[in-house]
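Tertiary structure, described
In case you want the letters, here they are:
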Amino acid sequence: MTDTADHDERVAGDDRSTGIRERRLAAHRGARRVLARFGFHRTLRERLALLDGAADVYDLDELSDVYGDGVVEALETKVAGLLGTEDAAFFPTGTMAQQVALRCWAGRTGDRTVALHALSHPEVHERNALSEVGGLRTVRVTSEPRLPTAAEVRDFEEPFGALMLELPLRDAGYVLPSWEELTEVVAAARERDAVVHFDGARLWESTTALGHSLDEIAGLADSVYVSFYKSLEAFGGAAVAGPAELVEEAKAWRHRYGGQVFQQFPTALSALVGLERELPRLPEYVAHARVVAAALREGFASAGVPWARVHPEVPHTHDFQVWLPYEAGVLAEAAVRAAEETGDVLFGHAWEPSGPGLACTDVHVRSAGLEWTAEDVKTAVADFVARLPREVSG
């Protein structure tokens, strides 16, 4: 699976069909109801409106930033405070942020091997950047659709200097371990004298399932990466948070990697706005995603679809997967037709082939989805299923 703009809109699977992506985006733009409306669904004018009221989060009469000072430093301070770390460094992309963090740890541990999951973002979506650019070596602790277990980490047959854990594990269905499992995995890494780095691109929305605050979660790791646009709806950007010495070195490598951008004030401001406006709402989105997921299961059962899966059955975050026994192109056409003809977008993202006659898609619930009741979801499922062929694949 591949990302477009690294934000869940995949140019794969059904998007190989001529025009299907364009139709889906057009339907999304004109829809009366959607479960989520992301930045790439909006015009430039609409995106710039995100900064309306930015004076509530930062003094706009201050001088603009130059090479990482001013509003960028204010954002770094804010993130470090939220995560309970000594410091944080702003980066233009998460790919750059994690490469830098892990190579800094390699210099400290003397071991350039990074243990991670086979489905983790660097392994699937970054064109081997950790090795090709960072000079690091990766080893896969597991390929099971869950986070690694403490036993797998403790008994892994090769030495490693750092363990990277993606929280939640996006390509496995946005899944999280339990708090007890997470603490045990971290302890197992510590037993091996390895540092622990959290890929927390979506850490912001993980507090509900883990049952602990952001600073408590981040406090388990030696360093944490967070994204500002995946759930906070900022224009882009990321941060690495951790010990002050590590962050200081990360800023030096940020410069070497070309990430010391002359001015970043629009992105930094949008991130501060996201932390102010969206972060407090994420638990509400997670709760409603569970309502939507339950209604989807009931809707497919009532519609007589012989095999359908919502994964996880109870979503760990406000994102989850739906699996259906049809070819990706068939599902894509039915989803787009239902959106075009009813004005309701139930499935707003690409369908990915996942086996013979089987496909899956991601479902995201944000502020726009809060107006959907369980009955609304079931009605939309019926409209969608009515546009599928009677005979399922296989």
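Details of the structure are given in the entry above.
Summary of the structure given here. Just so you know, these numbers come straight off a predicted model, no measurement behind them.

1. Observations concerning the overall build of the protein chain
Secondary structure assignment for the protein chain yields 15 helices and 13 strands. A globule of 394 residues ought to have a C-alpha radius of gyration of about 21 Å, and the protein chain, at 21 Å, matches this closely. Its C-alpha atoms give the protein chain principal-axis dimensions of about 60 × 55 × 40 Å. Sequence separation of 24 or more characterises 75% of the internal contacts of the protein chain that already satisfy a separation of 6 or more.

2. Focus on the packing of aromatic side chains
Under the counting rule described, the total for this entry stands at 10 aromatic pairs. Look at Phe 300 and Phe 347: their rings are 6.5 Å apart centre to centre, the planes differ by 15°, and that puts the pair in the stacked class. Of this pair, Phe 300 sits in helix α13 (residues 282–302) while Phe 347 is found in the loop between β11 (344–345) and β12 (352–355), placing the two residues 47 residues apart along the sequence. Pair check on accessibility: Phe 300 and Phe 347 agree, each one buried. With a centroid separation of 5.0 Å and 65° between ring planes, the pair formed by Phe 347 and Phe 384 is classed as edge-to-face. On the criterion of sequence distance, the pair formed by Phe 347 in the loop between β11 and β12 and Phe 384 in helix α15 (residues 374–385) is long-range, its members being 37 residues apart. Pair check on accessibility: Phe 347 and Phe 384 agree, each one buried. Among the aromatic residues, those joined into a cluster by ring pairs are Phe 300, Phe 347, Trp 351 and Phe 384.

3. Describing the sheet that holds strand β5 (residues 162–166)
One open sheet holds the seven strands; their spatial order is β2-β8-β7-β6-β5-β3-β4, and the pairing between them is mixed. Strand pairing shows two members of the sheet lacking a second neighbour, β2 (87–91) and β4 (137–142), which therefore form its edges. Ignoring strand direction, the axes of neighbouring strands in this sheet form an average angle of 20°. Strand direction decides the pairing type here: β5 and strand β6 (residues 195–200), joined by five bridges, are parallel. Across the sheet, residue Leu 163 finds its bridge partner in β6, namely Val 196. Against the sheet, helix α4 (residues 94–109) makes contact with β2, β3 (113–117), β5, β6, β7 (223–227) and β8 (238–242), and its axis sits at roughly 180° relative to β6, the strand it touches most.

4. Details of the pairing of strand β10 (residues 319–324)
Two faces make up the sheet, and in a regular strand the side chains alternate between them. Among the six residues of β10, five are classified as buried, and the element is accordingly described as predominantly covered. With three bridges connecting them, strand β9 (residues 309–311) and β10 associate as antiparallel partners. Considered in β10, the bridge of Arg 309 is made with Trp 323. For β10 and strand β13 (residues 358–364), the ladder comprises six bridges, and the chain directions are antiparallel.

5. With respect to the pattern of salt bridges
By the definition in use, this model includes 21 salt bridges. A salt bridge links Asp 344 to Arg 32, with the shortest nitrogen-to-oxygen separation between them at 2.9 Å. Taken together, the residues span a long stretch of sequence, with Asp 344 in strand β11 and Arg 32 in the loop between α1 (20–30) and β1 (33–34) at a distance of 312 residues. For Asp 344, a relative accessible area of 9% gives the class buried. Notably, a salt bridge pairs Arg 366 with Asp 319, separated by 2.8 Å at the nearest N-O pair. Of the two residues, Arg 366 sits in the loop between β13 and α15 while Asp 319 sits in strand β10, which places them 47 residues apart along the sequence. Take Arg 366 and Asp 319: they sit in the same class, and that class is buried. Each of Arg 32, Arg 33, Asp 344 and Asp 376 takes part in one network of salt bridges that share partners.

About the criteria used
- Residue positions are counted from 1 within each chain, in the order its sequence is given.
- The predicted nature of this model means local features are confined to residues of pLDDT at least 70 and side-chain atom pairs, given and counted, to a pLDDT of 80 or more, with totals for whole chains, interfaces and linings taken over all residues.
- Only hydrogens and water are removed before side-chain values are computed, so all heavy atoms of the structure are retained for them.
- Secondary structure elements are defined from DSSP: runs of H or I of at least 4 residues count as helices, runs of E of at least 2 residues count as strands, and each element is numbered from the N terminus.
- Two things to know: the radius of gyration comes from C-alpha atoms, and the globule rule equals 2.2 Å times the number of residues to the power 0.38.
- Any pair of residues with heavy atoms lying within 4.5 Å of one another is described as a contacting pair.
- When the centres of two rings from Phe, Tyr and Trp lie within 6.5 Å, Trp using its six-membered ring, the rings pair. Their planes under 30 degrees apart give stacked, over 60 give edge-to-face, and anything left gives tilted.
- Each residue's exposure class comes from its accessible area (1.4 Å probe, protein chains only) as a fraction of the maximum for that residue type: buried when under 20%, exposed when over 50%, partly exposed otherwise.
- Think of it this way: DSSP has to see at least two bridges between two strands before they count as a pair.
- Lines fitted to C-alpha atoms define the axes, with helix axes restricted to the stretch in contact, and inter-axis angles between N-to-C directions lie between 0 and 180 degrees.
- Any carboxyl oxygen of Asp or Glu within 4 Å of a side-chain nitrogen of Lys or Arg constitutes a salt bridge here.

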